[in-house]
Amino acid sequence: MCRIGFGAGEARTLAKDVQRRESAPPQEVDLVVLGSGAGGLTAALTAALAGLRVVVVEHAPVIGGTTARSSGTVWIPDNSYLRAEGVTGDRARAESYLAALVGNRGAPAIWQAFLDKGPAMLAELGAEAGIGFRPYMTAPDYRQDHPGAAPGGRALEPLAFDGRTLGDDFARLARPLPELMLFGGMMITRGEALELLRADRSPRAFFLGLRLVARYLRDRLRYPRGTRLVLGNALVARLLKALKDRGVPVLTEAKARNLLKDGGRFWGVELDIKGASRQISARRGVVLAGGGFPASPQWRAAQLPAPVPDHTPAFPGCDGTTLDLARGVGAVLGPRGLDNGLWFPSSLATRADGTTAVYPHIVLDRAKPGLIAVNQAGQRFTNEAVSYHEFVRAMYRAHGDSPAIPAWLICDRDFIRRYGLGLIRPRTPWLGGYVKRGYLKQGASLAALAEQIGVPAPALAATVARFNGFAAKGVDVDFDKGGNPYDRSNGDPAVQPNPCLGPIARPPFYAVAVLPTPLGTSRGLSADEHARVLTVAGEPIPGLYVCGNDMQSAFGGEYPGAGGQLGQAMTFGWIAAHHAAAQ
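If you're wondering where the values come from, they're calculated on a predicted model, not measured in any experiment.

Cut-offs and rules
Residues numbered from 1 in each chain as written. Predicted model: local features only at pLDDT ≥ 70, side-chain atom pairs only at ≥ 80, totals over all residues. Heavy atoms only, no water. Helix = DSSP H or I, 4+ residues; strand = E, 2+ residues; numbered from the N terminus. Rg over C-alpha atoms; globule rule 2.2 N^0.38 Å. Buried < 20%, exposed > 50% of the residue type's maximum accessible area, 1.4 Å probe, protein only. Contact = heavy atoms within 4.5 Å. Areas by Shrake-Rupley, 256 points an atom, 1.4 Å probe, with all protein chains shown as cover. Lys, Arg positive; Asp, Glu negative; His and termini not counted. Charge placed at Lys NZ, Arg CZ, Asp CG, Glu CD. Pairing = 2+ DSSP bridges. Disulfide = S-S within 2.5 Å. Axes fitted to C-alpha atoms, helices over the stretch in contact; angles between N-to-C directions. Parallel < 35°, antiparallel > 145°, perpendicular 65-115°, else oblique. Left-handed = near helix turned anticlockwise from the far one by under 90°. Nonpolar A, V, L, I, M, F, W, Y, C, P; charged D, E, K, R; others polar. Salt bridge = Lys/Arg side-chain N within 4 Å of Asp/Glu carboxyl O. Patch = residues over 30% accessible without salt bridge, like charges linked within 9 Å, V, L, I, M, F, W, Y side chains within 5 Å. Core = buried A, V, L, I, M, F, W, Y, C linked by side-chain atoms within 4.5 Å.

Which residues make up the overall build of the chain, and what are the values?
Looking only at helices and strands, one finds 17 helices and 19 strands in the chain. Over its C-alpha trace the chain gives a radius of gyration of 24 Å, about what one expects of a compact globule, namely 25 Å for 583 residues. By the burial criterion, 57% of the 583 residues in the chain qualify as buried. Across the chain, every contact between residues at least 6 apart in sequence was considered, and the portion connecting residues at least 24 apart equals 73%. When the accessible surface of the chain is totalled, it reaches about 22400 Å², and 54% of it is carbon and sulfur. Of the side-chain charges in the chain, 65 are positive and 51 negative, and the distance between the mean point of each set is 5 Å.

Any chance you could break down the sheet that holds strand 3 (residues 74–75) for me, citing the residues and the numbers?
Strand pairing in a sheet is mediated by backbone hydrogen bonds. Such pairs are either parallel or antiparallel. Taken in spatial order, the 3 strands line up as 3-5-4 in an open sheet, and their pairing is antiparallel. Strands with a single pairing partner mark the edges of an open sheet, and in this sheet they are strand 3 and strand 4 (133–135). Bridge count for strand 3 against strand 5 (residues 155–158) is 2 bridges, and the pairing is antiparallel. Each residue of the ladder has a partner; that of W75, found in strand 5, is A155.

I'd like to hear about the state of the cysteines, residue by residue, with values.
Taken as a whole and assessed by the stated rule, the structure comprises 0 disulfides. C547 provides the cysteine sulfur closest to C318, a residue in no disulfide bond, and the two sulfurs are 12 Å apart. Note on C547: relative accessible area 0%, which makes it buried.

An account of the pairing of strand 10 (residues 265–273) is needed here, citing residue identities and associated values.
Bridging between strand 9 (residues 254–262) and strand 10 involves 8 bridges; their strand directions are antiparallel. The residue of strand 10 that forms the bridge with A254 is I273. Taken together, strand 9 and the strand that follows it, strand 10, pair antiparallel across an intervening segment of 2 residues, in which G263 is found at a positive phi of about 60 degrees. Relative to strand 11 (residues 276–288), strand 10 runs antiparallel, the two sharing 6 bridges. When the bridges of strand 11 are listed, V269 appears paired with I280. In textbook terms, the turn of a hairpin is the stretch between consecutive antiparallel strands, and for strand 10 and strand 11 this stretch comprises 2 residues, one of which, K274, has a positive phi near 50 degrees.

Break down the packing of helix 2 (residues 38–49) against helix 8 (residues 231–245) for me, with residues and values.
Interhelical geometry of helix 2 versus helix 8 gives an angle of 25 degrees and a closest axis separation of 10 Å. It follows from the interaxial angle that helix 2 and helix 8 lie roughly parallel. For helix 2 against helix 8, the interelement crossing comes out left-handed. Contacts from A38, L41, T42, A44 and L45 in helix 2 reach L235, V236, L239, A242 and L243 in helix 8. For the contact of helix 2 with helix 8, the per-class residue count stands at 9 nonpolar, 1 polar and no charged.

Tell me what's going on with the pattern of salt bridges, and back it up with residues and numbers.
This structure, assessed with the given rule, holds 31 salt bridges. The salt bridge partner of R105 is E558, with a shortest N-O separation of 3.1 Å. Placement of R105 in the loop between helix 4 (90–102) and helix 5 (108–129) and of E558 in the loop between strand 19 (540–546) and helix 17 (564–581) is noted, with a sequence separation of 453 residues between them. Here R105 falls in the partly exposed class, since its relative accessible area comes to 38%. What makes E558 buried here is its relative accessible area of 5%. Across the salt bridge formed by R380 and E384, the nearest N and O atoms sit 2.8 Å from each other. The residues R380 and E384 share a single accessibility class, namely buried. Here the residues in one salt-bridge network are R105, R143, D145, D339, E390, R393 and E558, joined through shared partners.

Kindly report on the side chain of S526, identifying the contributing residues and their values.
Topologically, S526 is positioned in the loop between strand 17 (509–521) and strand 18 (532–534). Taking relative accessible area as the criterion, S526 reaches 18% and is therefore assigned buried. When near neighbours in sequence (up to four residues on either side) are disregarded, S526 contacts V332, L333, G334, R532, V533, L534 and Q552.

Please set out a nonpolar patch on the surface residue by residue, giving values where relevant.
Taken together, the side chains of F206, F207 and L210 define a hydrophobic patch exposed on the protein surface, amounting to about 310 Å² of accessible area. By the element assignment, L210 lies in helix 7 (residues 203–220).

How would you sum up the nonpolar core? Please name residues and give values.
Of all hydrophobic cores here, the largest spans 136 residues; its most connected members are V32, L440 and F572. Those residues in contact with V32 that sit more than four places away from it in its chain are V55, V57, V269, I280, A282, G285, V286 and V287. W408, L449, L501 and A511 belong to the second largest nonpolar core, which has 18 residues in total.

I'd like a rundown of the pairing of strand 12 (residues 341–350), residues and numbers included.
Judged by how many residues are buried, strand 12 sits mostly within the fold: 8 of 10 residues are covered. Pairing geometry for strand 12 and strand 17, over 6 bridges, is antiparallel. Residue P345 lies in a different strand from strand 17, and its bridge partner there is P516. Connecting strand 12 to the next strand, strand 13 (residues 356–360), in antiparallel fashion are 5 residues, including G354 with a positive phi near 95 degrees.

Purely geometric stuff here, so don't read any function into it on its own.
Written out as structure tokens, the structure is:
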């Protein structure tokens with residue numbers, strides 16, 4: 001793939017340079033980073049800014065891990081973007097919020113370090129490497145029932161990025177989930193998606209769609225997908241470009257086989273690079289940033305609750321191998337949490353190539369008016385508008401009393417026309433294909449739908465009738481759907497008095513099954529506030545650092561707001577690199 005502005009000869013030379021860098025990794029550096037998600041790339045970039053020689057090692061053939069297929073949102077309280085909006089005093093409120101949310105499930109020293117260093121991380125990467133964001137002022141924290149929860153601004157959205165500037169490395173950037181792109185390769189932000197829903201009645205939305213599609217069509221003349229990158233793809237690409245500009249190699253298809261130790265200190269790694277054994281020494285240490293274990297069936301079976309999920313939307317390379325390496329040299333996992341997972345409710349479908357699509361139901365359907373979730377008894381079991389993490393937790397809690405795994409999302413045809421449902425986009429004119437594939441269940445009446453999904457017809461009819469009564473009054477007496485700012489932020493503001501409540505009234509009726517799927521994991525290696533890996537005795541292991549989901553969650557497995565995972569990952573990657581640089 002040729003970068004714009006390069007002739008064919010220059011492109012071939014660049015490709016050979018990339019190939020040569022990968023086939024001949026450096027023999028000695030200051031810091032080795034294992035993993036190429038946001039945490040690992042932040043650690044590497046921070047170390048490079050501090051003057052260290054760094055190499056990033058990724059065992060997959062592409063760069064970015066789960067970050068590349070995520071929203072890319074970063075949750076950092078008291079950030080400079082928030083202060084620029086005129087919001088002050090957020091540090092104290094965030095401390096109250098995390099103290100109430102985490103309780104005794106996480107060490108205060110760790111989340112205090114996150115609060116202390118997160119804003120500094122953003123400031124340094126922004127000023128020194130152009131890693132920029134914009135505050136999502138309308139994204140409230142997830143747990144509005146705790147003191148100090150913010151109405152918005154702690155969640156930061158990465159700026160769009162032009163993938164063409166990566167040159168040949170654009171081909172090495174991991175792709176988003178295909179189901180989250182339009183036309184097979186066009187990325188849009190959540191805000192753009194909401195605006196495009198109005199394209200038939202808003203000139204501004206129409207011309208936005210026209211610009212985005214025109215750019216995408218131009219891209220497809222030369223590239224296999226769109227080069228306008230947003231969300232997690234933009235965050236990874238921007239970090240990768242900053243590393244390229246500083247000459248930091250990112251090795252792919254390089255598997256770490258052993259951590260090398262001498263005199264009690266870890267000084268490097270032994271790699272298998274496409275079948276060849278190599279050693280890289282690291283004078284300052286090694287950072288583990290492998291993304292936890294959501295993609296490992298064995299780790300899931302040992303660590304996650306029953307029924308154990310069979311699927312994950314996480315990157316396949318997040319398989320616990322870095323955790324295995326660390327445990328083999330004396331590192332220990334942190335304490336077992338409530339469920340050790342960070343969750344999405346996801347629906348499953350079979351793609352044309354036979355692979356399984358895992359579609360996360362994040363904010364686009366569950367909170368909208370005219371949808372309920374029921375268990376296998378045909379009864380509601382939670383507020384459908386809660387965060388994805390808390391929704392899955394509710395599924396597990398309810399499952400012990402009456403099976404709620406899978407749960408069914410129930411709506412009518414008008415709902416799908418307005419808001420879509422899972423894989424089905426709004427205004428989809430014909431749903432027969434989804435019904436034929438088994439993804440969507442359809443009934444001409446509620447009784448017929450109940451038969452399709454195997455729930456008692458009288459119970460489902462009673463549940464819908466009760467919910468419709470709540471919709472008429474605007475108050476959900478049972479679960480308070482739409483009763484807080486987070487719920488309402490994901491509803492439909494055109495629906496009043498409650499943007500999350502609407503009737504399920506006009507046949508045909510539809511249902512989609514959702515299952516618990518880990519987007520990440522919260523149990524990881526025990527570490528201190530300097531991101532140093534600890535032994536069973538609580539002593540730091542010299543030269544061994546950790547960040548991201550390889551590290552025990554700073555929040556004790558709780559999910560404070562959009563970007564809670566990436567905020568932690570980048571902050572502790574930054575902390576690890578600065579500690580290593582000071583040695």
